[in-house]
Amino acid sequence: MTDLALSSTLSLAATHPDSAFPRFHPRPAQGWINDPNGVSYIGGRYHVFFQYNPLSARHSQICWGHVSSPDLVRWEEHPVALSPQPGGPDSAGCWTGVVTSDDGVPTAAYSGVKDHGGHSQVVIARGSSDLVTWSQDGHVAASMPADPLVTAVRDPFIFRFNGARYAMQGAGLADGRAALLLYTVDSLDDWKYQGIWLTTADPVAGEHAPAEIWECPQLVQVPTGEWVMMFSLWLSGDDHEHANGVGHLIGSLTADPKTGLPVFTPVTGGKSDLGRDFYAPQILQLSTGSTPSALLWGWANEGPGRDGRRGRTQEEIDDAGWSGVLTHPRVLSVADGSLVVAPAPEVLAYRGAVLAMGAAGSVAVPGFAEVLVRGSGSPAGSIDLVLGSGPAAQVVYSGSLAEGEELRIFLDASLVEVYRTGSVATTLRAYPAPGESWELTLPPGATADVWELALPR
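Now for a look at the structure at hand. As the structure is a computational prediction, the values presented were derived from the model and not from experiment.

### Things to note about the overall build of the protein chain
When you go through the protein chain residue by residue, the secondary structure sums to 4 helices and 32 strands. Radius of gyration (C-alpha) of the protein chain: 22 Å, near the 23 Å computed for a compact globule of 457 residues. In terms of principal-axis extent, the alpha carbons of the protein chain reach across some 60 × 45 × 45 Å. Buried residues in the protein chain amount to 56% of all 457 residues.

### Re empty space enclosed by the protein
As enumerated under the stated definition, the model contains 3 cavities of 30 Å³ or more in all. In this structure, the largest cavity encloses a volume near 90 Å³. Residue lining of the largest cavity: 14 residues in total, with Pro 26, Trp 75, Trp 297, Thr 327 and Pro 329 positioned closest to the centre. Residue classes in the lining of the largest cavity are distributed as 11 nonpolar, 3 polar and no charged.

### Quick notes on the sheet that holds strand β7 (residues 120–127)
Two strands in a sheet stick together by hydrogen bonds in their backbones, pointing the same way (parallel) or opposite ways (antiparallel). Reading across from one edge, β5-β6-β7-β8 is the order of the 4 strands in this open sheet, with antiparallel pairing throughout. In this open sheet, the two strands that pair with only one neighbour each are β5 (94–102) and β8 (134–142). Across this sheet, the average inter-strand angle for adjacent strands is 30 degrees, counted without regard to direction. Direction of pairing for β7 relative to β8: antiparallel, over a ladder of 5 bridges. Note on β8: the bridge partner recorded for Val 122 is Ala 142.

### A few points about the side chain of Ser 40
Structurally, Ser 40 is set in strand β1 (residues 31–42). Given the relative accessible area of 3%, Ser 40 is considered buried. From its side chain, Ser 40 meets the backbone oxygen of Gly 38 in a polar contact 3.1 Å long. For Ser 40, the contacting residues outside a window of four places in its chain are Arg 45, Tyr 46, His 47, Val 99, Leu 131 and Leu 284.

### Concerning the environment of Gln 61
The topology assignment puts Gln 61 in the loop between β2 (45–53) and β3 (63–69). Residues Gln 61 and Gly 88 lie 27 residues apart in sequence; the distance between their C-alpha atoms is 13 Å.

### Overview of the packing of aromatic side chains
We describe a pair of aromatic rings using the distance from one ring centre to the other and the angle between the two ring planes. A complete count under the given rule lists 16 aromatic pairs for this structure. Measuring from ring centre to ring centre gives 5.8 Å for Tyr 183 and Trp 191, while their planes differ by 65 degrees; the resulting arrangement is edge-to-face. Take Tyr 183 and Trp 191: they sit in the same class, and that class is buried. An aromatic cluster of three or more residues is present, and its members are Phe 49, Trp 64, Tyr 110 and Trp 134. Across from the ring centre of Trp 234, 5.7 Å away, lies the NZ or CZ of Arg 154, which sits over that ring. Over the face of the ring belonging to Trp 451 we find Arg 351, whose NZ or CZ atom lies 3.7 Å from the ring centre.

### Overview of unusual backbone geometry
Within the chain, Leu 72 stands out as a residue other than glycine whose phi angle is a positive 70 degrees. Relative to the helices and strands, Leu 72 resides in the loop between β3 and β4 (76–82). Assessed through its relative accessible area of 2%, Leu 72 is described here as buried. The residue Asp 336 is not glycine, and still its phi comes out positive at about 55 degrees. Within the fold, Asp 336 resides in the loop between β21 (330–335) and β22 (338–343). Asp 336 gets classed as exposed once you look at its relative accessible area, which sits at 84%.

Cut-offs and rules
- Residues numbered from 1 in each chain as written.
- Predicted model: local features only at pLDDT ≥ 70, side-chain atom pairs only at ≥ 80, totals over all residues.
- Heavy atoms only, no water.
- Helix = DSSP H or I, 4+ residues; strand = E, 2+ residues; numbered from the N terminus.
- Rg over C-alpha atoms; globule rule 2.2 N^0.38 Å.
- Buried < 20%, exposed > 50% of the residue type's maximum accessible area, 1.4 Å probe, protein only.
- 1 Å grid on protein atoms, 1.4 Å probe; cavity = no way out; pocket = protein on both sides within 12 Å on 5 of 7 lines; lining within 4 Å.
- Points joined across faces, edges and corners; volume = space filled by probe spheres on them.
- Nonpolar A, V, L, I, M, F, W, Y, C, P; charged D, E, K, R; others polar.
- Pairing = 2+ DSSP bridges.
- Axes fitted to C-alpha atoms, helices over the stretch in contact; angles between N-to-C directions.
- Polar contact = N/O pair within 3.5 Å; in protein donor to acceptor, adjacent residues only side chain to side chain.
- Contact = heavy atoms within 4.5 Å.
- Phe/Tyr/Trp six-rings, centres within 6.5 Å; stacked < 30°, edge-to-face > 60°.
- Lys NZ or Arg CZ within 6 Å of the ring centre and 35° of its normal.

Written as structure tokens, this is what we have:
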């Protein structure tokens, strides 16, 4: 493959007719996307699948779209990977799941739903060595548990512990608790249900991950040895708004002395993103020698404005013909008992021309930019990212910065990602009207470097 082919997805984005369309976050030119799925590193390439409706900008008849990259910078779009099969266990949609290598064979395990409103089952599909073509024979590896307490199940996730392979699914219980279900997976074709693993009755989980259903559960180990469990926090009435957002728990994973099964003990937790436009992240566990690392992608949805920001109506979304963006890949770590989220270093390759270095006061920022703000240590004033001017101006982001901290802001048309030193990210959507521009205002002593974003040559 040539570099031109590898960067084709982002190159074409630059000519998209909608000025709100992102140029540096790969996605198809048209259609609906939501949850990142099957994030994996196989055959020397990063693969990111995602829930996808290529036919409209609405959530319906969900397939799996697919992009891949050798370096997290140059992305290639591939054909639809998984599609609902008429009469099959996924006839109403191929929902969230994972991709793993099963004795060298790329294998997807995902939630299939046969009837709209029905229960999901874990469906298995096998892929070619390059993950571009897939065989869907409707094999079901796990059905709805017989436990009458379990009323909803979704979103399988596979992890390894002490040399064995396990899986978990998010669930909702009849008594209103959110839960995780645990499985042993000696064979990917036949998952063995081990019971309810964790619920919001746990005081730490109940405090930091309140929900009626835990969606998109994730479990990975970070370089310092802690285990991070992450959930998307579903509540009744959620309609792609997800007011509870995403929460996480930090704790330990040990073996039960009687059964040998893993036991997760949460110690602390918190919000995994401070924005209202972030949901359904998926984490890729990577290991280099004995050191684990973790990369996360999340979904930033379209929708009505919040907190004084303008949004898009469904009619405007339909007219635009697309909906949904995936975030930049993010590196997870734990420091002093808290989750730290940083942009993957590879995305710095998008830095283009230098527009400002050490600027202070009020700084003009283009619609495709990276901004690095260094703190002043002054308690007075805030850092404000403002869209537009006059009565129509909207403060899209506002925050303070201590001395020695840095704030990294990525602007990609309508997607704003903000990363603070030693903290989690903030994901926001904002839609510039024709002629509107961005401005960053800084308190005394704070400075900003600004780069225009550009595709690497």
